[in-house]
Amino acid sequence: MRKKMQLLTRYHVLIILVAVVVLFSVLVKGFFSVSTLTNVLWSTSLVGIIAAGAIYPIITGGIDLSVGSVVGLSTVMMASLMSDAGASFPVALLTTLLL
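Residues numbered from 1 in each chain as written. Predicted model: local features only at pLDDT ≥ 70, side-chain atom pairs only at ≥ 80, totals over all residues. Heavy atoms only, no water.

Peer 1: It is not clear to me how the overall build of the chain should be interpreted in this structure. Could you clarify?
Peer 2: In terms of regular secondary structure, the chain is built from 5 helices and 0 strands. Start at the N end of the chain and walk to the C end: the helices and strands fall as α-α-α-α-α. Overall size of the chain, expressed as C-alpha extent along the three principal axes, is 65 × 45 × 20 Å. Of all 99 residues assigned to the chain, the portion counted as buried reaches 4%. Counting every atom, the chain has about 8,400 Å² of accessible surface; 76% of that belongs to carbon and sulfur. (Helix = DSSP H or I, 4+ residues; strand = E, 2+ residues; numbered from the N terminus. Buried < 20%, exposed > 50% of the residue type's maximum accessible area, 1.4 Å probe, protein only. Areas by Shrake-Rupley, 256 points an atom, 1.4 Å probe, with all protein chains shown as cover.)

Dropping the structure here:
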């Protein structure tokens, strides 16, 4: 009994994830499709890229928590350049990267 509780405590997130995947696969037709996998990978790719860039200062001992605010500011600036100034995507991207 004690071992089962240790396993549940250690792997509770994985167990919940598997339960949710099984539930959705039963309830939603086409849950295990290429388009669903593509959408999940596309949604998490930006977070993965940001996390990969943020891990190096943490590994080297300097903690840099400004990544989230820089991403937010860059997103707002690029959206403003494209909508308000009428800049094209490449121009807005280059301007945002330079600033």
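Don't stop here, the text continues.
Peer 1: Honestly, the packing of aromatic side chains in this entry has me stumped. Any pointers?
Peer 2: What characterises a pair of aromatic rings is the spacing of the ring centres plus the angle enclosed by the ring planes. A complete count under the given rule lists 2 aromatic pairs for this structure. Between F24 and F31, the ring centres sit 5.9 Å apart and the planes meet at 20 degrees, which makes this aromatic pair stacked. By relative accessible area, which is 25% here, F31 ends up partly exposed. Between F31 and F32 the ring centres are 5.4 Å apart and the planes differ by 70 degrees, which places this aromatic pair in the edge-to-face class. Through pairs of rings, three or more aromatic residues link up here, namely F24, F31 and F32. (Phe/Tyr/Trp six-rings, centres within 6.5 Å; stacked < 30°, edge-to-face > 60°.)

Peer 1: Explanation requested: the environment of L99 in the structure shown.
Peer 2: Tracing the backbone shows L99 in the segment after helix 5 (89–98). Here L99 falls in the exposed class, since its relative accessible area comes to 74%. In this structure the C-alpha to C-alpha distance between L99 and S74, which are 25 residues apart in sequence, comes to 8.9 Å.

Peer 1: Is there a simple way to explain the packing of helix 4 (residues 67–83) against helix 5 in this structure?
Peer 2: Relative to each other, helix 4 and helix 5 sit at 145 degrees, their axes nearing to 9 Å. Two packed elements cross with a definite hand, and for helix 4 against helix 5 that hand is right-handed. Touching S74, M77, M78, L81 and M82 of helix 4 are F89, A92, L93, T95 and T96, all from helix 5. (Axes fitted to C-alpha atoms, helices over the stretch in contact; angles between N-to-C directions. Left-handed = near helix turned anticlockwise from the far one by under 90°. Contact = heavy atoms within 4.5 Å.)

Peer 1: What is the right way to read the environment of V13 from this model?
Peer 2: Along the chain, the position of V13 falls in helix 2 (residues 12–27). With a relative accessible area of 57%, V13 lands in the exposed category. Residues V13 and G72 lie 59 residues apart in sequence; the distance between their C-alpha atoms is 29 Å.

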